[in-house]
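Topology and contacts: notes
Below, each chain spelled out in residue letters.
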Amino acid sequence: MCYIAGLSVCAKYCSKHSRPQTVHLYSKIRPKKSHILDCSGSTYTYRTVPPGSILPWRFFSCKEGTKIPSKRKQNTAITTSELLYKNLLKSEQENWNDISARYKDMTERIKEKLEELHNKYTFNSESPRIRFGENVYFEENGCIFLSKADDDEGNVDILFSTEDLGFSDAFIQRIRISPGQRYMAISLKSENSEEATCVIMKLGHFPVMEKVIPSVFSFEWATNDVLYYTSQKNLKCQNVFMTTFTNQKHTKLVYTEQDARFFVDIYCTKDRRFLTINSNSKTTSEVWLVDCRQPFKLPALVQARTKGVIYHVEHRNDELYILTTYGEPAEYKLMKAPVASSGMENWQLVYALEKKTKLVDLEMFSDHCIMFLKIAGHLYVNVISFDSHSVQSIKLPTWACEFELESHPEHTTSTCYFQLTSPVHPPKRFAYSFKENNLIEQAVQEVPIITNCHTTRLLAKSKDETLVPITVFHNMNSKELHRKPLLVHVYGAYGIDFNMGFKEEKLMLIEEGWVLAYCHVRGGGELGLSWHKDGCQHNKLKGLHDLKACIMLLHELGFSQPKYTALAAASAGGVLAGALCNTDPELIRAMVLQAPFVDVLNTMMKTHLPLTIEEQEEWGNPLADEKCMKYIKSYCPYQNIKTQCYPSVFITAYENDQRIPLTGVLRYIQKLRKAALDHASRTSKKGKDKNITDTWS
């Protein structure tokens, strides 16, 4: 069955010259309560971003993926514009309530199918463990437990419970245990807030809640009783505090970022020698070191920020290992420098990535470094040996699209564990042994192997003849692919890859006969840093040309056809999807947008919004540059809506979303619906006039 029909949700206007025209807004969606557990050192963290991210700014500023609505204070005075906004929102909600009933049976069938797939392809695995000597810490169902490593009887102590301590509406996002296991810091986050609360527990026979710190983003223990943390306000982190739990408890500000484009977070090196205070914009970074042996000393600067240079720091054997974009080519390189003289002039090259290579993640060990790479759509693991000064490169299975790195609390471990997955392949566990110098496939989970799905990688020639990668999935048993429905995905912003981890709904579509295509257009990060640069600011239209070329190639090769094609995008991906809908609506039959960024010009003109200044490095500054204003206006989805035949459109958004203001989405819907109605009206009138002319002749 073709589910595209299910996208028609509002008013339909049909004639022999036009397709159904529909626009719908569902104003409030709760994100699924599923989180990826990220373990690092003596920590683990719930991540809601694609696994493998190494750039801290990806965690906070990109309009990507599922968004969590934020609470904001309500003004007592209701202005005319606010009243219009509320009326429009109410109208859309009532409209959805009236229409959604007709899809009740379809919705139930899809839910049942997804539950069946979830039960079939999800294996029972233990929660990640944090081991300190004989003590093992782990989290399950909102509780944190302590057990003994040699205890085979399953005896555990409960150290923390969200429900018992009054945090029943929150999930545990991150855990940090102090080196001597005296304290445990936990961040709690509710589904209706961007900000987290940090709870510090004093451990012992009877754990006690020692302190609660509101609005915290990141935190790390410098010593047994000294905690560093960053505070978050209006999606920004610009202050770093130190708080002590000694006899003389005190909290003080240790760092403040003055530039609104920069975001600050804290990281602990793998060997726990330093805390790093990382201040990052989209294109530039600066790192300060806190010596964990002397946590009260002022932080030491590694290298003053240099425009266009990003760097991140690890530590090994009294040397800093620096992952940086410094130098040519403009891709990531691993460099090193002495701790005592860490300036850029002392950076020595260890390993450089080739052009058009995407660095997904990096993991440091005592004698090795592992890089997880994407090259032309294929996944590789590069193992750097510090002892032999050699590099081993391993190409991973062709079906794999995504890495999921597992926890390695001890940097002296001899094995690196990770999982490989794709949108239609459940995670499969692998291990690389440093002793054996080989890759081992772990056959521990009893998950059925997907054998009926074919993965194809294509290259589409864009307007300027740049080759754009496409990843295609389809059922190997499908015949006449040109008659099958096609779901095209696009993002193309912030240098970010698609999250191509396993999703039951994608596998369901494959089993239903759909073809899935992921267009890795410029502006994303699939081919390295230069791929992002070629698709941001004054190059945004290249991403649109790439998307058009990808869809046209898919149709030319027999993957569906326009009348069976749907386009899906989330957040910033809505810019390219909405732009294509304006310029080439005949290429697709339907469009699905989740919390879409569709009003670029008006948003970037409003500097009071929390992310506007910061995101000028991605979109440009229309207030200061008239050429930039004209360029944004040339592709902005809202600005270019016109009276024409549009595909069916389904949009979901959030109330009180600070990242994607709902007012812009509502304006877009209102304008798009009017254009669709006007076109339908004109087409209907022309049809009547033609009938009269035919009668008289």
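Residues numbered from 1 in each chain as written. Predicted model: local features only at pLDDT ≥ 70, side-chain atom pairs only at ≥ 80, totals over all residues. Heavy atoms only, no water.

Along the backbone of the protein there are 10 helices and 37 strands. Long-range pairs, those at least 24 residues apart, make up 57% of the contacts in the protein between residues at least 6 apart in sequence. When the accessible area of the protein is evaluated, it comes to approximately 31,000 Å², of which 50% is carbon and sulfur surface. (Helix = DSSP H or I, 4+ residues; strand = E, 2+ residues; numbered from the N terminus. Contact = heavy atoms within 4.5 Å. Areas by Shrake-Rupley, 256 points an atom, 1.4 Å probe, with all protein chains shown as cover.)

Take the packing of aromatic side chains next. Within this structure, the stated rule accounts for 22 aromatic pairs. Between Phe-473 and Tyr-518, the ring centres sit 6.0 Å apart and the planes meet at 85°, which makes this aromatic pair edge-to-face. Of the two residues, Phe-473 is situated in strand β32 (residues 467-475) and Tyr-518 in strand β34 (residues 515-519); the sequence distance between them amounts to 45 residues. Since its relative accessible area comes to 0%, Phe-473 is described here as buried. Members of the aromatic cluster, each reached through a chain of ring pairs, are Phe-372, Phe-403, Phe-418 and Phe-430. The residue whose ring lies beneath Arg-305 is Phe-262, and the NZ or CZ to ring-centre distance is 4.2 Å. The positively charged end of Arg-522 is found above the aromatic ring belonging to Trp-531, 6.0 Å away from the centroid. (Phe/Tyr/Trp six-rings, centres within 6.5 Å; stacked < 30°, edge-to-face > 60°. Buried < 20%, exposed > 50% of the residue type's maximum accessible area, 1.4 Å probe, protein only. Lys NZ or Arg CZ within 6 Å of the ring centre and 35° of its normal.)

Overall, antiparallel pairing links the 4 strands, which are arranged β23-β24-β25-β26 in an open sheet. Strand pairing shows two members of the sheet lacking a second neighbour, β23 (357-364) and β26 (390-395), which therefore form its edges. Taken over all neighbouring pairs, the strand axes of this sheet differ in orientation by 20° on average, direction set aside. With 7 bridges connecting them, β23 and strand β24 (residues 368-375) associate as antiparallel partners. (Pairing = 2+ DSSP bridges. Axes fitted to C-alpha atoms, helices over the stretch in contact; angles between N-to-C directions.)

Among the nonpolar cores identified, the biggest contains 87 residues, and Ile-470, Phe-473, Leu-547, Leu-554, Val-600, Trp-619 and Tyr-668 are the most heavily contacted of them. Residues within four places of Ile-470 in sequence aside, it is in contact with Thr-456, Arg-457, Leu-458, Ala-460, Ala-517, Tyr-518, Cys-519, His-520, Cys-550, Leu-553 and Leu-554. (Core = buried A, V, L, I, M, F, W, Y, C linked by side-chain atoms within 4.5 Å.)

The strand order across the open sheet built from 4 strands is β15-β16-β17-β18, with neighbouring strands paired in antiparallel fashion. Two strands bound the open sheet, and with one partner strand each, they are β15 (263-268) and β18 (300-303). For this sheet, the mean inter-axis angle between neighbouring strands, taken without regard to orientation, is 25°. Both β15 and strand β16 (residues 274-280) contribute to a ladder of 6 bridges, which runs antiparallel. Residue pairing in the sheet places Cys-268 in a bridge with Leu-275 of β16.

With respect to the secondary-structure elements, Lys-282 resides in the loop between β16 and β17 (285-291). Since its relative accessible area comes to 5%, Lys-282 is described here as buried. Of note is the side chain of Lys-282, whose polar atom sits 3.0 Å from the side chain of Glu-614. (Polar contact = N/O pair within 3.5 Å; in protein donor to acceptor, adjacent residues only side chain to side chain.)

A cluster of like negative charges, contributed by Asp-105, Glu-108, Glu-112 and Glu-115, occupies part of the molecular surface. Structurally, Asp-105 can be placed in helix α2 (residues 104-121). (Patch = residues over 30% accessible without salt bridge, like charges linked within 9 Å, V, L, I, M, F, W, Y side chains within 5 Å. Salt bridge = Lys/Arg side-chain N within 4 Å of Asp/Glu carboxyl O. Lys, Arg positive; Asp, Glu negative; His and termini not counted. Charge placed at Lys NZ, Arg CZ, Asp CG, Glu CD.)

Before going further, it helps to examine the pairing of strand β31 (residues 453-461). The pairing of β31 with β32 spans 9 bridges and is antiparallel. Paired with Arg-457 across the two strands is Thr-471, which belongs to β32.

When strand β13 (residues 236-244) meets strand β14 (residues 251-256), the two strands line up antiparallel, connected through 5 bridges. Residue pairing for β14: Phe-241 is matched across the bridge by Leu-253. Between β13 and β14, which pair antiparallel in sequence order, lie 6 residues.

So, about the state of the cysteines. Tallying each qualifying case throughout the model produces 0 disulfides. No disulfide involves Cys-401; its sulfur sits 9.4 Å from that of Cys-453, the nearest cysteine. (Disulfide = S-S within 2.5 Å.)

Listing the buried residues of helix α9 (residues 626-635) in full gives Cys-628, Ile-632 and Tyr-635. Along the axis of α9, the buried residues cluster in a sector spanning 70°; they form a single face. In α9, those exposed residues whose orientation departs by more than 90 degrees from the buried face are Glu-626, Lys-627 and Lys-630. Each element contacted by the buried residues of α9 is listed here: α5 (540-556), α6 (573-583), α7 (600-604) and α8 (616-619). (Arc of directions from axis to C-beta.)

Before going further, it helps to spend a moment on the environment of Gly-543. One can find Gly-543 in helix α5. In this structure Gly-543 comes out as buried when scored by relative accessible area, which is 0%. Measuring from C-alpha to C-alpha, the distance between Gly-543 and Ala-493 comes to 8.8 Å, with 50 residues separating the pair along the chain. Those residues within four positions of Gly-543 in sequence are excluded, and the remaining contacts are Val-521, Arg-522 and Leu-576.

In this section: the pattern of salt bridges. Under the defined criterion, the tally for this structure stands at 27 salt bridges. The shortest N-O distance in the salt bridge between Glu-257 and Arg-305 comes to 2.6 Å. Residue Glu-257 is located in the loop between β14 and β15, and its partner Arg-305 is located in the loop between β18 and β19 (311-316); the two are separated by 48 residues in the primary sequence. One salt-bridge network, in which partners are shared between bridges, spans Glu-257, Glu-286 and Arg-305.

It is worth stressing that arrangement in space is one thing and function is another; only the former is reported here.
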